[in-house]
Structure formats: C-alpha cells, structure tokens
Amino acid sequence: MVVVMASDATQADVESVVAKVEEAGGSAFVSRGVERTIVGLVGDVERFYALNLRALPGVSDVVRISVPFKLVSSEHHAQRSTVTVAGVPIGPDTFTFIAGPCAVESYEQTLESAQMAVAAGATLLRGGAFKPRTSPYAFQGLGEAGLEILQKVREETGLPIVTEVVDAADVELVARYADMLQVGTRNMQNFALLQAVGTTRLPVMLKRGMSSTIEEWLMAAEYIAQRGNLDIVLCERGIRTFETATRNTLDISAVPVVHALSHLPIIVDPSHSGGRRDLVMPLSRAAMAAGADGIIVDVHPHPESALCDGPQALVDSDLRDLATAVRTLPPLLGRAPAVRA
Ligand code: PEP
Ligand code: MN
C-alpha cells in the first residue's frame, strides 16, 4: 500500500502519516520525487485501512498496489514522472540526448568528447571515471582524477555530468562531483549500492542487468526508492540472448512495457546494446519510435585509440546525422528536444 501526499503537503503532514503507521505496527518508507512525496507502507494492510489515512491533512490518495514494486509502480501514479538533472528534464514531454566518452581517459579526450556532444545538441555529458570491466586487466578508469576532469569539463562546457559509481563505499565521493549517478548493468542487483545511491539526493540512472527481467529491474529501482530517492531514470542497454551478431540484444519492448508498469522515465543506450557504431543510428531511431524518454550515446574523438568501447563510439560525422534525428523526430511524436531550464 502507498500513501500519495498532495503536492503542497508539509513535512509535518508526512511525519503524521509515518507516526500513525508506526503506531499500528507497520513500517513507512518516505520517498521524495521532484513532483511529490510517496509513503510506502509495509505491514498489515487491513489495519492500515482502519487508520483512515486518507482523512489526514496533506494526503492525496491511499492506494493498494498489486505489484511487488510499490513506489515505482504506475498503479498509484498515472502521470509519468519527470526527473530533472541539474535543470535538464528527462520525462514524457522531452527527448533527452546524453553523450560523451565511455571512459574518462584524459582532460583533452574528455573535453573534445564534450565539445562533440555540445555540437550535436546533447544536454548532459556521460563519462565513466570508475569502469566496471569484465576483465581485471582492462582499463579500470581514472577514479577520482577522472571525476576532477569531469568537473573541469563541466565548468568549461556547462554540461552536467552523468557518471557511474561501482561501489557503495564510493557513493559519497562520486556524489560530490556528479549531477546524476549511474548504476551499471553489472551492478543492477548490488543491493548495498542501490541503497547507498538511494540515500543521496542526486538523480540515479539505473541500467538494466544484462540478464535481468523487467520485474527484477523494477525491484532494483524499488530499492533506491525505498531509501528515499524517487529521482530514478531507467536505462535499457540490451540483454543477453543467443544472438552473437550484436554485443547485446536491445529489448525495445522494454520501453512500452516499463511505461505501462512504472511512472519512471526510461532511456535507451544504443551504444552498449549493439556494441557497433553502425547500429547506433537505427537503434536510436527505434528508441524514439518506441517512446523512450532519451538516449545515452558513446562518442570519442579518436575511437581507434579509445581505452574502452572504441568500436561503438561515434565520431563527428556520425554525430551530425544523429543530431538531426534527435532534433527532428521527437517533435513528430509530441516531444521537444530537452534543453536546460
Ligand atoms: C557504461 O555506460 O559505461 C557501461 C559500462 O554500460 P553498461 O553498464 O550498460 O555495460
Ligand atoms: Mn562502455
């Protein structure tokens, strides 16, 4: 069961809901989103009904949820959420273009990638300082030095930063630099990490586990929400199938399925799904057509010497075509390209 607070509910209103639930022997988890606060209730549902919570000041609705993910479910939340990252909206009215290098390798490479992103109309910069690599011998990222580079490049270009955190112990550090925290596919069920990002006030991009069902993914998002952070954007990045022609198989149906099940925004990563530069454009178009709320794309000034994922990185000439698509197609589908507020 969830209690949906009115948009003008006060902190005292929220606290009185929590107090009533706890008096009745239940637990209450408060999640604050940009638009409204939701209180998830765990315990005896019949006792909660008897409390008549709907009559309390600041309460907009009390809803019984039939799915296991309660706070991120669309059942109590018919309107889709917009998550705002340092002034950049990700939600139903816009199409957000995130671009940048897979990994931060140097100041020059990150700055050049960010300038490519700006020229293509991207409004958020991606780039990993902590890289979760399949091989322990592969480049693991520059760590805090990489975060410092991202910060300088943000000052230089104005692009807010989306960057990955791979360990719960690093969340505080990464949160000092990032505008949005990324949780990668390999960590989708790292519950300690999910809880740690859930206690920050930063928006979180949660990538789908490469072998996870949509329900498992939404339950992972629920871990973040349950710790108080509802500013979550889901990212479909391809899943494991028997097919070997592509790095992963982009599950494009995840976009409308997630939109039906959850109020959270969902974006698509066409770079990590296909793993091939030539597939980024068609997969991006597919994402737009399926109703995704944005894309996140790898770019690199010199992909041939990239330390990570060069084969999927776009260069300037590919980016020009993608920029045209991002500018022209979403408006045909009722969305504006996202711009900074
Ligand atoms: C990334 O976006 O840099 C990344 C590592 O992606 P994924 O977690 O989807 O593999
Ligand atoms: Mn990568």
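Predicted model only: the values in this text are computed from it and were never measured.

What counts and how
- Residues numbered from 1 in each chain as written.
- Chains lettered and ligands numbered in written order.
- Predicted model: local features only at pLDDT ≥ 70, side-chain atom pairs only at ≥ 80, totals over all residues.
- Heavy atoms only, no water.
- Donors = N, O, S within 2.8 Å, 3.2 Å for Na, K, Ca; no water.
- Helix = DSSP H or I, 4+ residues; strand = E, 2+ residues; numbered from the N terminus.
- Near = heavy atom within 4 Å.
- Polar contact = N/O pair within 3.5 Å; in protein donor to acceptor, adjacent residues only side chain to side chain.
- Nonpolar A, V, L, I, M, F, W, Y, C, P; charged D, E, K, R; others polar.
- Core = buried A, V, L, I, M, F, W, Y, C linked by side-chain atoms within 4.5 Å.
- Buried < 20%, exposed > 50% of the residue type's maximum accessible area, 1.4 Å probe, protein only.
- Domains from an automatic or database assignment.
- Contact = heavy atoms within 4.5 Å.
- Lys, Arg positive; Asp, Glu negative; His and termini not counted.
- Salt bridge = Lys/Arg side-chain N within 4 Å of Asp/Glu carboxyl O.
- Axes fitted to C-alpha atoms, helices over the stretch in contact; angles between N-to-C directions.
- Parallel < 35°, antiparallel > 145°, perpendicular 65-115°, else oblique.
- Left-handed = near helix turned anticlockwise from the far one by under 90°.
- Pairing = 2+ DSSP bridges.
- Buried area = accessible area lost by both parts, 1.4 Å probe.

Draft legend 1. Main features of the coordination of the manganese ion (ligand 2). Around the manganese ion (ligand 2), the protein supplies Cys102 (SG), His272 (NE2) and Asp309 (OD) as donor atoms, at distances of 1.9 to 2.3 Å. Positions of the donor residues of the manganese ion (ligand 2), expressed as sequence spacing, correspond to C-x169-H-x36-D. Here Cys102 is found in the loop between strand 7 (94-100) and helix 3 (107-119), whereas its partner Asp309 is found in the loop between strand 14 (294-298) and helix 11 (316-332), with 207 residues between them in sequence.

Draft legend 2. Region of the structure containing the site of ligand 1. Every residue close to ligand 1 is listed here: Arg126, Lys131, Glu164, Gln182, Gly184, Thr185, Arg186, Lys207, Arg237 and His272. In this structure, Arg126 approaches ligand 1 through a side-chain N or O atom, which is 2.7 Å from an oxygen atom. With respect to ligand 1, the side chain of Gln182 contributes an N or O atom lying 2.9 Å from an oxygen atom. Split by residue class, the shell around ligand 1 holds no nonpolar, 4 polar and 6 charged.

Draft legend 3. Looking closely at the nonpolar core. Counting 77 residues, the largest nonpolar core has Phe97 and Leu206 as its most contacted members. When residues of this core are assigned to domains, at least three map to each of domain 1 (2-63) and domain 2 (83-337). If near-sequence neighbours (up to four positions away) are discounted, Leu206 is found in contact with Val183, Met188, Leu194, Trp217, Ala220, Ala221, Ile224, Ile232, Val233, Leu234 and Cys235.

Draft legend 4. Representation of the side chain of Glu222. Considering the arrangement of structural elements, one finds Glu222 in helix 7 (residues 214-226). Within the buried set, Glu222 has no salt-bridge partner at all; the shortest N-O distance to an opposite charge, 6.9 Å, is to Lys70. Reaching out from Glu222, the side chain makes a polar contact with the backbone nitrogen of Leu71 at a distance of 2.8 Å.

Draft legend 5. Geometry of the pattern of salt bridges. In this structure the tally under the stated criterion is 10 salt bridges. Two residues, Glu46 and Arg64, come together in a salt bridge whose shortest N-O distance is 3.5 Å. Of this pair, Glu46 sits in helix 2 (residues 45-50) while Arg64 sits in the loop between strand 4 (59-63) and strand 5 (83-85); the two residues are 18 residues apart in sequence, bridging distant segments of the chain. A salt bridge links Arg276 to Asp278; its shortest N-O distance comes to 2.8 Å. Taking relative accessible area as the criterion, Arg276 reaches 34% and is therefore assigned partly exposed. When salt bridges that share partners are traced, they join Arg208, Glu236 and Asp251 into one network.

Draft legend 6. How the structure looks around the packing of helix 3 against helix 4 (residues 144-157). The N-to-C vectors of helix 3 and helix 4 enclose an angle of 40°; their axes lie 10 Å apart at closest approach. For the element pair helix 3 / helix 4, the angle class is oblique. Helix 4 is crossed by helix 3, and the crossing has right-handed handedness. On helix 4, the residues touching Tyr107, Thr110, Leu111, Ala114 and Val118 of helix 3 are Ile149, Leu150, Lys152, Val153, Glu156 and Thr157.

Draft legend 7. Layout of the sheet that holds strand 1 (residues 2-5). Sheet architecture is open: 4 strands sit in the order 2-3-1-4, paired in antiparallel fashion. Sheet topology places strand 2 (27-32) and strand 4 at the edges, where each strand pairs with a single neighbour. Across the sheet, the axes of successive neighbouring strands diverge by a mean angle of 20°, strand direction being ignored. Sheet topology note: the strand 2/strand 3 (residues 37-42) ladder contains 6 bridges and is antiparallel. Bridging from a neighbouring strand, Val30 pairs with Val39 of strand 3.

Draft legend 8. Inspection of the domain arrangement of the chain at higher detail. Segmenting the chain into domains produces domain 1 (2-63) and domain 2 (83-337). Placing a centre on the C-alpha atoms of domain 1 and another on those of domain 2 gives a separation of 33 Å. Both faces considered, domain 1 and domain 2 share a buried interface measuring about 630 Å² in area, 53% of it formed by carbon and sulfur atoms. Three residues stand out in domain 1 for area buried against domain 2, namely Ser31, Arg32 and Val34, and they jointly supply 58% of the buried area on that side.

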